[in-house]
Amino acid sequence: MIASATPRFPIESHTLANGLRVVLQPDSSLPLVAINLWYHVGSKNEIPGRTGLAHLFEHMLFQGSQHVGKNDHFRLVQQVGGVANGSTWFDRTNYYETLPSHCLSLGLWLESDRMGFFLPALDREKLENQREVVMNERRQGVENQPYGQAFERLNEMLFPTGYPYRWPVIGYMDDIAAASLEDVETFFRAFYTPDNAVLTLAGHFDPDRALKLVERYFGSIPRGEARSTVTAVLPDEPLGQVVTLEDDVQLPRVYMAFRIPPFGEPQWYSADLLGAALSGGKTSPLYRQLVYERQIAQDVSAFVLPTELASSFLVVTTGRPDTDLAELEELVRGQIEMAAAGDLDSGDLERARNRLVTSYSDQLQGLDDRADLLSLFTTYFDEPQRIESEIDRYLDRRPEDLASVARDRLTPDKAVTLRVVPR
């Protein structure tokens, strides 16, 4: 087994009086600074009938605040040679800029203004404009995209009614259309507050000066009101559901999904490593058997999602035009059963470890990815230093750990299967 070679980083953690957690990671190798702001709110904080608000907010917060004009956030960042964007997930929403290091104040001011002064600039015209943008995004990425509705349908099969991961991050079209100005204001007041956020800086800056700037721009923003924590318990029930969905596609595709423990639990890492061992690269057992030997599939991948309340293990296989999908599914189950019996090849496991270490090391090289990881580990675990030990959680997984998660979690009665076939 390879040894962990994760570099050590100088990391400072602070918490302002208003609850904002601040992570500072100085690195003078490049004259750049990455600003990464995570809000601990995502689609799981929505309720049925009001889905899509978190993703709509990602768009709305680029529409200006009290002291920043509409679309000026991008303009001000780009005119100094920087880049900016945001993203939404089930459990969080993040916003980030990478700027020349002497422009740190600009980035902090922009982020603080929309945290503290977004509502005075909110109006119905901006809401209607971004509502249409999001609805078009859903049409293009989900409804008119080959296989675009598959993951949405799969989560509806995997999670029971009302469970926070059952609906899509982008939201349902009817809910997006129904979002009101009052809904937006209420959602912002509840979740876009300093005590529900983590601000990470990584790059070329002086930590003392940077902390003073953070205090200057964010310190006067008041805390939010008390909010409830989202909790949900999955019933221990058999699944085994198989659904066929007709779509405008050329090739059939099979999605198999299983519930596993949440990101951070030991079995999550076992499942992630197992997925990499089963399908990572053209020498992996699933690829060898389905694509090379049997030649009944075009591609195959197995992976887990890093979600907070519960996670899922997925196997996605694209078949050839005349593939017998039942045979394809049986071959996938056969490989999982071999893993459950402890018959996973040691070479496949070692290659999977090496790929994960390489991928994680690549993430650590870039300031923007490093800042994002620090925000992640602080938001979920309140432990930014976990960035240095995360890869060890994979290196500590033994073959019997992978066999155990396959036996406990990846059995046919705990799977849902979605077949997407040409219409």
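Before reading further, recall that the structure is shown in the block above.
In this report, we go over the structure that sits alongside the text. (Residues numbered from 1 in each chain as written. Predicted model: local features only at pLDDT ≥ 70, side-chain atom pairs only at ≥ 80, totals over all residues. Heavy atoms only, no water.)

**Topic: the overall build of the chain**
Tallying secondary structure elements over the chain gives 15 helices and eleven strands in all. Taking 22 Å as the expected radius of gyration for a compact globule of 423 residues, we find that the chain reaches 23 Å, a close match to that expectation. Overall size of the chain, expressed as C-alpha extent along the three principal axes, is 60 × 50 × 40 Å. Within the chain, buried positions represent 55% of all 423 residues. Counting only contacts in the chain whose residues sit at least 6 apart along the sequence, the fraction spanning at least 24 positions is 80%. Charge-centre separation for the chain: the mean point of 41 positive side chains lies 1 Å from the mean point of 61 negative side chains. (Helix = DSSP H or I, 4+ residues; strand = E, 2+ residues; numbered from the N terminus. Rg over C-alpha atoms; globule rule 2.2 N^0.38 Å. Buried < 20%, exposed > 50% of the residue type's maximum accessible area, 1.4 Å probe, protein only. Contact = heavy atoms within 4.5 Å. Lys, Arg positive; Asp, Glu negative; His and termini not counted. Charge placed at Lys NZ, Arg CZ, Asp CG, Glu CD.)

**Some remarks on the environment of Leu99**
Structurally, Leu99 is set in strand E5 (residues 93-100). What makes Leu99 buried here is its relative accessible area of 0%. Once the C-alpha coordinates of Leu99 and Gly64 are considered, the two residues, 35 residues apart in sequence, prove to be 19 Å apart.

**Some words on the environment of Leu37**
Tracing the backbone through its elements, the reader meets Leu37 in strand E3 (residues 32-39). When the C-alpha positions of Leu37 and Ala341 are compared, they lie 44 Å apart, and in sequence the two are 304 residues distant. Beyond its immediate stretch of four places on either side in the chain, Leu37 contacts Thr93, Asn94, Tyr95, Glu111, Met115, Ala197, Val198 and Leu199.

**Concerning helix H11 (residues 325-340)**
Helix length check: H11 (16 residues) gives 23 Å between terminal C-alpha atoms against 22 Å at 1.5 Å per residue, within 8%. You can read the cap of H11 off the contacts: a side-chain oxygen lies 3.0 Å from the backbone nitrogen of Ala326, and it is on Asp324. Phi for Gly342, located one or two positions after H11, is positive at around 85°. (Expected span 1.5 Å × (residues − 1). Polar contact = N/O pair within 3.5 Å; in protein donor to acceptor, adjacent residues only side chain to side chain.)

**Quick word on the nonpolar core**
Counting residues in each nonpolar core, the largest one holds 57 residues, and the members touching the most others are Leu274, Leu290, Phe313, Val315, Ile387 and Leu410. Element by element, the count of residues in this core is highest for helix H9 (residues 266-279), at eight residues. Excluding residues within four positions of it along the chain, Leu274 makes contact with Ala339, Leu344, Leu402, Val405, Ala406 and Leu410. Counting 55 residues, the second-largest nonpolar core is a separate cluster that includes Leu37, Val68, Val77 and Phe205. (Core = buried A, V, L, I, M, F, W, Y, C linked by side-chain atoms within 4.5 Å.)

**Concerning unusual backbone geometry**
Phi at Gln295 is positive, roughly 55°, even though this residue is not glycine. Among the structural elements, Gln295 can be located in the loop between helix H10 (285-293) and strand E9 (297-304). Here the phi dihedral of Asp382 falls at roughly 55°; this positive angle occurs in a residue that is not glycine. Summarising the element assignment, Asp382 is placed in the loop between helix H13 (367-381) and helix H14 (390-395).

**What to know about the packing of aromatic side chains**
This structure, assessed with the given rule, holds 27 aromatic pairs. Relative to Tyr292, the ring of Tyr287 has its centre 5.5 Å away and its plane inclined at 80°; by these criteria the two rings are edge-to-face. Among the aromatic side chains, those forming a connected cluster through ring pairs are Tyr39, Phe57, Phe62, Phe74, Tyr95, Phe118, Phe187, Phe188, Phe191 and Tyr192. Arg114 extends its terminal NZ or CZ atom over the ring of Phe62, reaching a point 4.5 Å from the ring centre. The ring of Tyr147 carries Arg253 above its face, with NZ or CZ at 3.7 Å from the centroid. (Phe/Tyr/Trp six-rings, centres within 6.5 Å; stacked < 30°, edge-to-face > 60°. Lys NZ or Arg CZ within 6 Å of the ring centre and 35° of its normal.)

**Focus on the packing of helix H3 (residues 104-116) against helix H8 (residues 207-218)**
Axis separation between H3 and H8 bottoms out at 9 Å; the angle between their running directions is 30°. Compared by their axis directions, H3 and H8 come out roughly parallel. By crossing handedness, the relation of H3 to H8 is classed as right-handed. Of the residues in H8, those touching H3 at Leu104, Ser105, Leu108, Trp109, Glu111, Ser112 and Met115 are Arg209, Ala210, Leu213, Val214, Tyr217 and Phe218. (Axes fitted to C-alpha atoms, helices over the stretch in contact; angles between N-to-C directions. Parallel < 35°, antiparallel > 145°, perpendicular 65-115°, else oblique. Left-handed = near helix turned anticlockwise from the far one by under 90°.)

**A few points about the sheet that holds E9**
Read from one edge to the other, the open sheet built from five strands follows the order E7-E11-E8-E10-E9, with strand pairing classed as mixed. Of all the strands in the sheet, just strand E7 (241-247) and E9 have a single pairing partner and so form its edges. Within the sheet, the average angular offset between the axes of one strand and its neighbour, ignoring direction, is 15°. Of the pairings in the sheet, the one linking strand E8 (residues 253-260) to strand E11 (residues 415-422) comprises six bridges and is antiparallel in character. (Pairing = 2+ DSSP bridges.)

**Some words on the sheet that holds strand E4 (residues 83-88)**
Taken in spatial order, the six strands make up an open sheet running E1-E2-E6-E3-E5-E4, and their pairing is mixed. Of all strands in the sheet, those with a lone pairing partner are strand E1 (12-15) and E4, marking the two edges. For this sheet the average axis-to-axis angle between neighbouring strands, irrespective of direction, equals 15°. Contacts between H3 and the sheet are confined to E3, E5 and strand E6 (197-203), with E3 contributing the most and set at about 15° to the helix.

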